[in-house]
Number of protein chains: 2
Amino acid sequence: MDSLKYISRDDIDNMDRVPRLKLINALSGFKSANLIGTINTTGVENLAIFSSVFHLGSDPPLLGCILRPKLVPRHTYDNLKATGWYTINHINEEIYQQAHQTSGKYREDISEFNMTDLTSFYSGECEAPYVKEANIRIGLKFLEEHLVQTNNTYMIVGSIEQLMLPADCFEDDGFFDIEKAGTLTISGLDAYHKTKRIDKLDYVRVDKSVKREE
Amino acid sequence: MDSLKYISRDDIDNMDRVPRLKLINALSGFKSANLIGTINTTGVENLAIFSSVFHLGSDPPLLGCILRPKLVPRHTYDNLKATGWYTINHINEEIYQQAHQTSGKYREDISEFNMTDLTSFYSGECEAPYVKEANIRIGLKFLEEHLVQTNNTYMIVGSIEQLMLPADCFEDDGFFDIEKAGTLTISGLDAYHKTKRIDKLDYVRVDKSVKREE
């Protein structure tokens, strides 16, 4: 049997900063891997990697994400508040290194699109730039922000207003296959993973035992 | 080139409920796969699958998750509010079918541990039950709740108070390998995926080009 490591809150509080960052960032499980595109009111584009985008509801269609504007200046936060628009673009195996590079602290007048050779484009409706090299692209309007008091972090809530998706990723039963689209997942601070689907399970009814769909 | 599907907000609003659920649930990207364990004040245990646990901060160590207590009764919400404690347990390949089964709407007096043959145990400090069959187990104290007004959903914020982790998943550089621990990831409503790490990238300094660690 593998040996088990018990770690108390005191142990965590006594860790050095970098090992603590690496450990705590791994504990939520696998994370979404997205690029958020915005533009400021003078026309400078911004692109930033986020591993904190999550599902909030399907009717109305909502996504959440976590930003930290109170700790350091964050252009994504300023831009989406100023224009009301942002895009979420799934990171795939062809662009994950460029996506990771957007986590550098570039000045406000520098576009991460230029620094990484990713290509911006506009749909007309959505004011924020999409990433051409992403396969799954979502245009959102800013709706709500909530301040987590314990660490001055914001949860941002946005509504999905526009989608650009690969048509061949829809299965007959309505399942949308992000693995087929090449979407990656992140663990910890900086590890990138491909996925392999092992199962798709039925909706659970409490008077039935577990049923397999495939 | 694959054909691209454009979907507007009107298209989404006009979709039937189930296809919309399937599509919108896929859009955030890959999701964490966790079981949340709680106990009510009369001693009935509850266990429920969640794909919405996310990282909120490492100092203090915080995790967030999304609950929907305003839509239907949710025992997890009631219990963690009543006792102040909950556990987060990573789902692995050996238990994902049992984990999925906890999404059934069981009565309050029925423990999902009993219905799924997963095993509860207690650490002494944390009042909520852990899942013995999970490899990564986290004990948390409830800290904050935030109501998303648009759809009556709660973001719950908890502090990490205790960890039980496989000792052999720590790498020399402090990286904690959840893939080695067998942690799965979820896409959409009901698809389960294994992962394969493709890279681990360095911290980005803006005057350097992308550097590879392995």
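Just so it is clear, the structure is predicted and the values come from calculations on it, not from any experiment. (Residues numbered from 1 in each chain as written. Chains lettered and ligands numbered in written order. Predicted model: local features only at pLDDT ≥ 70, side-chain atom pairs only at ≥ 80, totals over all residues. Heavy atoms only, no water.)

Attention now goes to unusual backbone geometry. All names here are of chain A. Residue Asp59 is joined to Pro60 through a cis peptide bond whose omega torsion reads 5°. With respect to the helices and strands, the residue Pro60 is situated in the loop between β5 (54–58) and β6 (61–67). Its identity is not glycine, yet Asn152 carries a phi of approximately 55°, on the positive side. One can find Asn152 in the loop between β10 (137–148) and β11 (153–166). (Helix = DSSP H or I, 4+ residues; strand = E, 2+ residues; numbered from the N terminus.)

When chain B is fitted onto chain A, the two copies agree to an RMSD of 0.0 Å after a turn of 180° and an axial shift of 0.0 Å. Given the turn and translation reported, the copies of this chain are related as if by a two-fold rotation axis. Among all C-alpha atoms of chain B, that of B:Thr195 lies closest to the rotation axis, at 2.2 Å. Mapped onto chain A, 100% of the interface residues of chain B are again interface residues, and the two copies thus contact each other with one and the same surface. (Least-squares fit on C-alpha atoms with pLDDT ≥ 70 in both. Contact = heavy atoms within 4.5 Å.)

Moving on to the confidence of the model for chain A. Residues and elements named next belong to chain A. Across chain A, pLDDT averages 92, with 93% of residues at or above 70. In this model residues 208–214 is a low-confidence stretch, pLDDT under 50, and it forms 16 contacts with partners more than four residues away in sequence or in other chains. Across the assembled chains, the prediction reports ipTM 0.94 with pTM 0.94. (pLDDT = per-residue confidence, 0-100.)

Time to look at the environment of B:Glu127. Residue and element names in this part refer to chain B. As for its position among the elements, Glu127 is in the loop between β8 (120–121) and β9 (130–131). Given a relative accessible area of 46%, Glu127 falls into the partly exposed group. C-alpha of Glu127 to C-alpha of Thr83: the two residues are 44 residues apart in sequence and 7.4 Å apart in space. When residues no more than four places from it in sequence are discounted, the contact partners of Glu127 are Ile39, Thr83, Trp85 and Tyr122. (Buried < 20%, exposed > 50% of the residue type's maximum accessible area, 1.4 Å probe, protein only.)

Often the size quoted for an interface is simply the accessible area lost on bringing the parts together. Contacts between the two partners involve 102 residues from chain B, matched on the other side by 103 residues from chain A. A combined buried area of about 9300 Å² lies between chain B and chain A, and 62% of that area is made up of carbon and sulfur atoms. Contact with chain A buries area across many residues of chain B, yet B:Arg9, B:Leu27 and B:Phe30 alone supply 8% of it, more than any other trio. Across the contact surface, chain B and chain A share four salt bridges. (Buried area = accessible area lost by both parts, 1.4 Å probe. Salt bridge = Lys/Arg side-chain N within 4 Å of Asp/Glu carboxyl O.)

Bringing the pairing of strand β3 (residues 34–39) of chain A into the picture now. Residue and element names in this part refer to chain A. Extensive coverage of β3 is indicated by the burial of six of its six residues. Residues Asn34, Ile36 and Thr38 point to one face of β3 and Leu35, Gly37 and Ile39 to the other, with burial holding for every one of them. Sheet topology places β3 next to strand β4 (residues 45–50); six bridges connect them, and they run antiparallel. Its bridge partner lying in β4, Leu35 is registered against Ile49. What sits between β3 and β4 in their antiparallel hairpin is a turn of five residues, with Gly43 showing a positive phi close to 95°. As judged from the four bridges shared by β3 and strand β7 (residues 85–90), these two strands associate in the antiparallel manner. Each residue of the ladder has a partner; that of Gly37, found in β7, is Thr87. (Pairing = 2+ DSSP bridges.)

With that out of the way, let us pick up the pattern of salt bridges. Residues and elements named next belong to chain A. Applying the stated criterion across every chain, the model contains 20 salt bridges over all chains. Across the pair Asp173 and Lys200 runs a salt bridge, and its minimum N-O distance is 2.9 Å. Taken together, the residues span a long stretch of sequence, with Asp173 in the loop between β11 and β12 (185–187) and Lys200 in strand β13 (residues 191–200) at a distance of 27 residues. Of the residues examined, Lys200 reaches a relative accessible area of 4% and is grouped as buried. Bridged by salt links that share partners, the residues Glu171, Asp173, Asp177, Arg197 and Lys200 form one connected network.

Residue and element names in this part refer to chain A. Relative to β10, β7 runs antiparallel, the two being bridged by five bridges. Across the sheet, the residue bridging to Tyr86 is Leu140, located in β10. Here β10 pairs with β11 via 11 bridges, running antiparallel. The partner of Leu140 across the bridge, within β11, is Ile160. Hairpin connection from β10 to β11: four residues lie between these consecutive antiparallel strands, with Asn152 at a positive phi of about 55°.

This part covers the sheet that holds β13(A). Read from one edge to the other, the open sheet built from six strands follows the order β2(A)-β12(A)-β13(A)-β13(B)-β12(B)-β2(B), with strand pairing classed as antiparallel. Two strands lie at the open edges of the sheet, namely β2 (31–32) of chain A together with β2 (31–32) of chain B, each paired on one side alone. Across two bridges, β2(B) lies against strand β12 (residues 185–187) of chain B in antiparallel orientation. Bridging across to β12(B), B:Lys31 finds its partner in B:Ile186.

Before going further, it helps to spend a moment on the packing of aromatic side chains. Two measures describe an aromatic ring pair: the distance that separates the ring centres and the angle between the ring planes. Tallied over the full model, the rule gives nine aromatic pairs over all chains. With centroids separated by 5.3 Å and ring planes inclined at 20°, the aromatic side chains of A:Tyr77 and A:Tyr154 adopt a geometry described as stacked. Of the two residues, A:Tyr77 is situated in helix α3 (residues 75–83) and A:Tyr154 in strand β11; the sequence distance between them amounts to 77 residues. The residues A:Tyr77 and A:Tyr154 share a single accessibility class, namely buried. Here the guanidinium or amino end of A:Lys5 rests over the ring plane of B:Phe170, the centre of that ring lying 4.8 Å away. (Phe/Tyr/Trp six-rings, centres within 6.5 Å; stacked < 30°, edge-to-face > 60°. Lys NZ or Arg CZ within 6 Å of the ring centre and 35° of its normal.)

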